[in-house]
Amino acid sequence: MPRRLVTLLCLAMVVATVAPGGSSRQGGPVPLAITHGPSLQVPGVSSMTVVWHTNRPAVSHVEYGPTEALGQTAVNAEHGLIDNDRTSHVVRLSGLPPGKPCFYRVVSREFLGYDKQHIVRWGETVTGDIRSFTTLDTAARGYSFTVVSDIHENVARFGKLLSVVDWKVTPFVVFNGDMVNDFMTEGQPFAGFLDAAIEVFADTRPFVYVRGNHDVRGRFARKLDEYFPTAAGRAYYSFDQGPVHFVVLDSGEDKVDGHEYYNGLVAFEPYRREQAEWLATDLASPAARRARFRVVLSHIPPRGGEGYAIDEVRRLWEPVANTGRVDLWMSGHTHRVAAIPPAAGANRYHLVVNAPDTLTRVDVLRDRLEAAVIRENGEKVAAVTVLPAGGGAR
Ligand SMILES: [Fe+2]
């Protein structure tokens, strides 16, 4: 049995014996523990975000460096104040060299409260194992990335899909929305897919979290960034790896904002318009123009189905993507595999839509992208070759 699985099982047994109030059934205090993570998210050529959870509020930092000697420390502070009351810990590492290994470990010290304004009571300290990851690199060549979507917390299916991934050539994975199946319970992502992702890969290589309509729905949706942090507070952003400029968009909910389903609690229409403006700026940036390929990631597709949200994504974002020479757009949501080639007067990009029981593997080659949609059993159900600058399929 893998070591980390044993650790998880032991942890589950400890948690199972915890009574309300933080003491064990035997009466002793429950030790501070790292309960989930770390995972690596929001990757960049000079940065990485580390996320983990503890069973009680703690003050946390990450020790990191180019060797196992580590040597540097990063914390999360808002307006100069370091977090001290959270069980979710999100620390951004920056100033890293591109394409190089970085060793790291997470450290949490239990925060028990203030005795006076300048006297704090501390509990135990827990320290994670030393792990490593590699930063992204615009000079990277010959890699693959994998997209999964619409898992809806089906962890068994998720595990089967991950078993198809060739980790030797995969620097990151994209979760393209609806990984959560309506966020109604605290900690729901852990059993649904997040612990499994960490068990297989996510503590040594990052995933990119694209928000889907079921991720942003439910009581805890507003806590999503405690599990899946954004880039500088935005759930839409871009990053680069090798010859590809990636754009992450947040397509929001799938019905009109005024629909009774949302009880007046959503405002995705202005949010999508805001992203259209940002997308135009991003695709005109030096990074996007310099890249050989531009790839958009949005949960709701611009085509390949019917409905309000698909129409809105197409109406607001497709003209911008066409002007900005997007080569490939990758989505989920419809639960139907689709591969739609460029068409005159319509989409100038290739669209590939992934389904819940498939993953999409994209091989990034010097002169083209090779996208393959693959079922859990390894069967290939669609294949698309993307040439640069909106070129047609071969
Ligand atoms: Fe969806």
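Residues numbered from 1 in each chain as written. Predicted model: local features only at pLDDT ≥ 70, side-chain atom pairs only at ≥ 80, totals over all residues. Heavy atoms only, no water.

## A closer look at the overall build of the protein chain
Thinking step 1. What the protein chain contains, in helices and strands, is 6 helices and 23 strands.
Thinking step 2. The globule rule puts the C-alpha radius of gyration for 394 residues at 21 Å, and the 21 Å found for the protein chain is close to it.
Thinking step 3. Projected onto its principal axes, the C-alpha positions of the protein chain cover 70 × 50 × 45 Å.
Thinking step 4. Classification of the 394 residues of the protein chain by burial places 53% in the buried group.
Thinking step 5. In the protein chain, the proportion of contacts linking residues at least 24 apart, taken out of those at least 6 apart, comes to 68%. (Helix = DSSP H or I, 4+ residues; strand = E, 2+ residues; numbered from the N terminus. Rg over C-alpha atoms; globule rule 2.2 N^0.38 Å. Buried < 20%, exposed > 50% of the residue type's maximum accessible area, 1.4 Å probe, protein only. Contact = heavy atoms within 4.5 Å.)

## Regarding the environment of A371
Thinking step 1. Inspection of the secondary structure puts A371 in strand β22 (residues 369-375).
Thinking step 2. A relative accessible area of 4% means that A371 is categorised as buried.
Thinking step 3. Taking the C-alpha atoms as reference points, A371 and A339, 32 residues apart in sequence, are found 9.7 Å from one another.
Thinking step 4. If we ignore the near neighbours within four places in the chain, the residues touching A371 are T360, R361, V362, A382, A383 and V384.

## A word on the coordination of the iron ion
Thinking step 1. Taken together, the protein ligands of the iron ion are D178 (OD), N213 (OD1), H299 (NE2) and H333 (ND1), with distances of 2.1 to 2.2 Å.
Thinking step 2. Around the iron ion sit 4 donor atoms; with metal-centred angles ranging over 89 to 170 degrees, the donor geometry is irregular. (Donors = N, O, S within 2.8 Å, 3.2 Å for Na, K, Ca; no water. Tetrahedral: all angles 85-135°; square planar, octahedral: opposite > 155°, others 65-115°.)

## Let's talk about helix α6 (residues 308-323)
Thinking step 1. The terminal C-alpha atoms of α6, which comprises 16 residues, lie 23 Å apart, in line with the 22 Å expected from a rise of 1.5 Å per residue.
Thinking step 2. At W317, α6 shows its strongest bend, of approximately 45 degrees, with the proline P319 following within four residues.
Thinking step 3. Turning to α6, its buried residues are A309, I310, E312, V313, L316, W317, E318, V320, A321 and N322.
Thinking step 4. Those residues of α6 that are buried lie in contact with α4 (268-283) and β18 (328-331).
Thinking step 5. Following α6 by one or two positions, R325 has its phi on the positive side, about 60 degrees. (Expected span 1.5 Å × (residues − 1). Bend = angle between axes of the 7 residues up to and from the residue.)

## Some remarks on the layout of surface pockets
Thinking step 1. Of the volumes computed, that of the largest pocket is approximately 860 Å³.
Thinking step 2. Around the largest pocket sit 36 residues that line it, and R211, A221, R222, L224 and D225 are the ones nearest its centre.
Thinking step 3. Within the residue set of the lining of the largest pocket, elements represented by two or more residues are β8 (86-93) and α4.
Thinking step 4. A total of 4 residues in the lining of the largest pocket trace back to one element, the largest contributor, which is β8. (1 Å grid on protein atoms, 1.4 Å probe; cavity = no way out; pocket = protein on both sides within 12 Å on 5 of 7 lines; lining within 4 Å. Points joined across faces, edges and corners; volume = space filled by probe spheres on them.)

## Thoughts on empty space enclosed by the protein
Thinking step 1. Tallied over the entire structure, the rule returns 2 cavities of 30 Å³ or more.
Thinking step 2. By volume, the largest cavity is sized at about 70 Å³.
Thinking step 3. If you go around the largest cavity, the residues you meet are Q41, V42, V208, Y209, R211, F228, P229, T230, A235 and Y237.
Thinking step 4. Tallied by class, residues from the lining of the largest cavity come to 7 nonpolar, 2 polar and 1 charged.
Thinking step 5. In this structure, the second largest cavity spans a volume of roughly 50 Å³.
Thinking step 6. In this structure, the second largest cavity is lined by S60, N76, D83, H89, V90 and V91.
Thinking step 7. In terms of residues, the lining of the second largest cavity owes the most to one element, β8, which gives 3 residues. (Nonpolar A, V, L, I, M, F, W, Y, C, P; charged D, E, K, R; others polar.)

## Describing α4
Thinking step 1. Over its 16 residues, α4 runs 22 Å from end to end, which matches the ideal 22 Å to within 8%, given 1.5 Å per residue.
Thinking step 2. Of the surrounding secondary structure, the elements contacted by the buried residues of α4 are β15 (237-241), β16 (244-248), α5 (286-290), β17 (293-297) and α6.

## Description of the nonpolar core
The nonpolar side chains of a soluble globular protein tend to be buried, and buried together.
Thinking step 1. One finds F158, F175, F193, F201 and F207 to be the most contacted residues of the largest nonpolar core, which totals 55 residues.
Thinking step 2. Those elements that provide at least two residues to this core are α2 (155-162), β13 (173-176), α3 (188-202), β14 (207-210), α4, α6, β20 (350-353) and β22.
Thinking step 3. Of the residues forming this core, the biggest block, 8 residues, is contributed by α3.
Thinking step 4. Ignoring anything within four residues of it in the chain, the contact list for F201 reads L162, W167, V173, F175, P206 and F207. (Core = buried A, V, L, I, M, F, W, Y, C linked by side-chain atoms within 4.5 Å.)

## A few points about the pattern of salt bridges
Thinking step 1. Enumeration over the complete set of coordinates arrives at 19 salt bridges.
Thinking step 2. The shortest N-O distance in the salt bridge between R217 and D254 comes to 3.2 Å. Of this pair, R217 sits in the loop between β14 and β15 while D254 sits in the loop between β16 and α4, and the two are 37 residues apart along the sequence.
Thinking step 3. Between R303 and E318 there is a salt bridge, with its nearest N and O atoms 2.8 Å apart. Placement of R303 in the loop between β17 and α6 and of E318 in helix α6 is noted, with a sequence separation of 15 residues between them.
Thinking step 4. R303 gets classed as partly exposed once you look at its relative accessible area, which sits at 21%.
Thinking step 5. By sharing partners, the salt bridges in this structure join R217, E253, D254 and K255 into a single network. (Salt bridge = Lys/Arg side-chain N within 4 Å of Asp/Glu carboxyl O.)

## So, the confidence of the model for the protein chain
Reading predicted coordinates in detail is not appropriate for stretches of low pLDDT.
Thinking step 1. Residues at a pLDDT of 70 or more form 92% of the protein chain, whose mean pLDDT is 92.
Thinking step 2. Counted against residues more than four places away or in other chains, residues 5-25, with its pLDDT under 50, gives 23 contacts.
Thinking step 3. With pLDDT under 50 throughout, residues 390-394 is counted as low confidence; its partners more than four residues away or in other chains account for 13 contacts. (pLDDT = per-residue confidence, 0-100.)

## With respect to the sheet that holds β20
Thinking step 1. Pairing is mixed in the open sheet, where 6 strands are placed in the order β15-β16-β17-β18-β20-β19. What marks the edges here is a single partner per strand, and that holds for β15 and β19 (338-340). Sheet twist, expressed as the average angle between the axes of neighbouring strands with direction ignored, equals 15 degrees.
Thinking step 2. Most of the contacts of α4 go to β16, to which it runs at about 170 degrees, and overall it touches β15, β16 and β17. (Pairing = 2+ DSSP bridges. Axes fitted to C-alpha atoms, helices over the stretch in contact; angles between N-to-C directions.)

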